[in-house]
Amino acid sequence: MTSPTTVPLDSDPKFADYAAPEALVSTQWLADHLGDPGLVVVESDEDVLLYETGHIPGSVKVDWHLDLNDPVTRDYVDAPAFAELMSRKGIDRDTTIVVYGDKSNWWAAYAMWVFSLFGHSDVRLLDGGRAKWQAEGRELTTDVPTPERADYPVVERDESGLRAFLPEVRAHIGRPMIDVRSPAEYSGERTHMPDYPDEGALRGGHIPGAQSVPWSRAANDDGTFRSAAELRAIYTGEKGLQPTDDVIAYCRIGERSSHTWFVLRYLLGFDKVRNYDGSWTEWGNAVRVPIVKGDQPG
Amino acid sequence: MTQPSDLPGSLQEIVDDFAALTNPDRLQLLLDFSRELPALPARYAEHPELLEPVPECQSPIFLLTELDTSQAAGDRATVHLYFSAPPEAPTTRGFAGILQEGMDGLTAAEVLAVPADLPMRLSLADAVSPLRLRGMSGMLGRIQRQVREKITAAQ
């Protein structure tokens, strides 16, 4: 990307303290910029029907199961499928994408992470996501836009620095790792989120040395991100991580850890944060990988 | 499919309706079921502890079955179904709406005979993903277990 950003940044003072203020927009900014040329708003939710009940005017839907996951291999879609998806949604390589979604932006952050694997340069999250937009009484519509087809190039994924696979995670034991699941999943009392479907892990516990920081500690009650000072107090103060550290984050399937990936990478400016999307549904089923039970990193 | 259906007519009709549609229209139909899911009657709305949670669903849903033995007893008793799920979980509400419309008013024997693969027959796997359909299987399994328990308890 050499061309300058054409869609202006959000100068909200809250964002100024973050390492990369350009990676967030506020609901007010989005309301003011809907329809700007070069901007495409993407809704990405856990619930596949939520978009149909009403969405931000002009926004397009990207579903993590149906659009981003390969239907056969446990992997993301390949470069041609990604290019086709983006083209269909009216997204060009230099489009500014603002992603928002339900559940404090878990799936929005996950979509952003997948977009980043393909090197899309200008992706921003809507601070507070769908819930905040709705709580503020802002407009929602059931009109589904029919974007003019774009011509997104076929770009192979460059996962280095963004994605960690099991052998790399294994080699990383002893270096900074964050487990973002609930305390009961971390300790091994249970293998899936309370009140969530069990996606099948045979063993419970965590990867040796991983520190427990549930993803939700980075979010306020309204789904917005905590301030830079609050986030620093958690990750660098309490957990002793440094922005120069090489960090791996994981959860159950990589969605909640995308939220933490965003926090460390863009809000606190860590140099290298990888998401281990295999996460516990891989580690907890793999043969002879080490596991620690209990509430200590081990 | 030409073999005779092993589903009650009310459920077969829903299966046929979904089968006749394209994927985007299937989502719209699921949304209609979501919107039409009846609210809990007051006697349950005021007593949420009576409802059973369904952890197989990604979003919170609670359900309760009632066995009406005023006309017939045992497995000929009439089953009524009640669900509670928030509006921000339309997919889960849609699944509940299908079960409510397709099974409420059936006899206990008919409810127990509904095959466990019902969710996979709804032509929704490509529209919502098979993983999400597991939530519906969880609801169906719980409904059938409750009905079985209630028949035993009434004997």
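Counting of residues starts from 1 at the beginning of each chain's written sequence and follows it residue by residue. As a convention, the first chain written is A and the first ligand written is 1, with the rest following in written order. Selection of residues for local features in this predicted model requires a pLDDT of at least 70, selection of side-chain atom pairs for listing and counting requires 80 or more, and totals for whole chains, interfaces and linings are taken over all residues. By convention in this description, side-chain values take in all heavy atoms of the structure and omit both hydrogens and water.

**Considerations on the overall build of chain A**
And step 1. Check the secondary structure of chain A and you find 12 helices and nine strands.
And step 2. Since a compact globule built from 298 residues should have a radius of gyration of about 19 Å, the 19 Å found for chain A is in line with a globular shape.
And step 3. With respect to the principal axes defined by its C-alpha atoms, chain A has extents near 50 × 45 × 40 Å.
And step 4. Taken over 298 residues, chain A has a buried fraction of 57%.
And step 5. Only heavy atoms matter for contacts: two residues are in contact if any of them lie within 4.5 Å across the pair. Pairs at least 24 apart in sequence give 77% of the contacts found in chain A among residues at least 6 apart.
And step 6. When the accessible surface of chain A is split by element, carbon and sulfur atoms take 50% of a total near 11800 Å².
And step 7. Here chain A contributes 30 positively and 48 negatively charged side chains, and the mean placements of these two sets differ by 7 Å. Strands here are runs of E lasting at least two residues and helices are runs of H or I lasting at least four, both read from the DSSP assignment and numbered beginning at the N terminus. Here the globule rule is a power law, 2.2 Å times the number of residues to the power 0.38, and the radius of gyration is based on C-alpha atoms. Think of it in three bands: residues with accessible area under 20% of the maximum for their type are buried, residues over 50% are exposed, and the middle band is partly exposed, with areas taken using a 1.4 Å probe on protein chains only. Only the protein chains shown count as cover for residues, with accessible areas throughout obtained via the Shrake-Rupley method and a probe of 1.4 Å. Two residue types count as positive, namely Lys and Arg, and two as negative, namely Asp and Glu; His and chain ends fall outside the count. Note that the charge is assigned to NZ on lysines, CZ on arginines, CG on aspartates and CD on glutamates.

**Some words on the interface of chain B and chain A**
And step 1. The interface is formed by 23 residues belonging to chain B together with 19 residues belonging to chain A.
And step 2. Summed over both sides, the interface between chain B and chain A buries roughly 1700 Å², with carbon and sulfur atoms accounting for 56% of that surface.
And step 3. Whenever a carboxyl oxygen of Asp or Glu lies within 4 Å of a side-chain nitrogen of Lys or Arg, that contact is scored as a salt bridge. At the junction of chain B and chain A, the tally comes to one salt bridge.
And step 4. With a shortest N-O distance of 3.0 Å, Asp63 of chain A and Arg132 of chain B are connected by a salt bridge.
And step 5. Pairs of N or O atoms within 3.5 Å make up the polar contacts considered here, provided that, within protein, one atom can donate a hydrogen while the other can accept it, and that residues adjacent in sequence are counted only when both atoms are side-chain atoms. At the junction of chain B with chain A, the criterion picks out five residue pairs in polar contact (both at pLDDT 80 or more).
And step 6. For the side of chain B that touches chain A, the elements supplying multiple residues, two or more each, are helix 2 (23-36), helix 4 (90-103), helix 6 (125-128) and helix 7 (130-154) of chain B. Once two parts are joined, some of their accessible surface, as seen by a 1.4 Å probe, is lost; buried area is that loss totalled over both.

**Thoughts on the side chain of Arg132 of chain B**
And step 1. Topologically, Arg132 of chain B is positioned in helix 7.
And step 2. Residue Arg132 of chain B is classed as buried on the basis of its relative accessible area of 8%.
And step 3. For Arg132 of chain B, the side chain forms a polar contact with the main-chain oxygen of Glu46 of chain A, separated by 2.6 Å.

**Section: the sheet that holds strand 9 (residues 272-276) of chain A**
One key point about sheets: their strands pair by backbone hydrogen bonds, in either a parallel or an antiparallel sense.
Residue and element names in this part refer to chain A.
And step 1. Taken in spatial order, the four strands of this open sheet run 7-6-8-9, and their pairing is parallel. Looking at strand neighbours, the two that pair on one side only are strand 7 (211-212) and strand 9, the edges of this open sheet.
And step 2. Here five bridges tie strand 8 (residues 246-250) to strand 9, and the two strands are oriented parallel to one another. Along strand 9, the bridge assignment pairs Ala249 with Asn275.
And step 3. All axes here are fitted lines through C-alpha atoms, helices being fitted over the stretch that makes contact, and every angle between N-to-C directions spans 0 to 180 degrees. Lying over the sheet, helix 11 (residues 256-267) contacts strand 6 (177-179), strand 8 and strand 9, oriented at roughly 180° with respect to strand 9. Strand pairing is defined by DSSP finding a minimum of two bridges between the two strands.

**So, the sheet that holds strand 3 (residues 60-61) of chain A**
Residues and elements named next belong to chain A.
And step 1. Spatially, the five strands line up as an open sheet ordered 1-5-4-2-3, and their pairing is parallel. Bordering the open sheet on either side are strand 1 (24-25) and strand 3, each of which pairs with just one other strand.
And step 2. Across two bridges, the pairing between strand 2 (residues 39-43) and strand 3 is parallel. Its bridge partner lying in strand 3, Glu43 is registered against Lys61.

**Examining the nonpolar core**
Considering soluble globular proteins, one finds that nonpolar side chains tend to be buried as a cluster.
And step 1. Core analysis: the biggest nonpolar cluster contains 60 residues, and Val99, Phe115, Leu125, Tyr235 and Phe262 of chain A have the highest contact counts within it.
And step 2. Within the residue set of this core, elements represented by two or more residues are strand 2, helix 4 (64-68), helix 5 (79-88), strand 4 (96-100), helix 6 (106-117), strand 5 (123-126), helix 10 (228-238) and helix 11 of chain A.
And step 3. By residue number, the principal contributor to this core is helix 6 of chain A, which donates 11 residues.
And step 4. Not counting the four nearest positions on each side in its chain, Tyr235 of chain A is found in contact with Val213, Ala218, Gly240, Leu241, Thr260, Val263, Leu264 and Leu268 of chain A.
And step 5. Core analysis: the second largest hydrophobic core is formed by 41 residues, Leu106, Ala108, Leu133 and Val147 of chain B among them. Throughout this description, the term nonpolar core refers to a set of buried Ala, Val, Leu, Ile, Met, Phe, Trp, Tyr and Cys residues connected via side-chain atoms within 4.5 Å.

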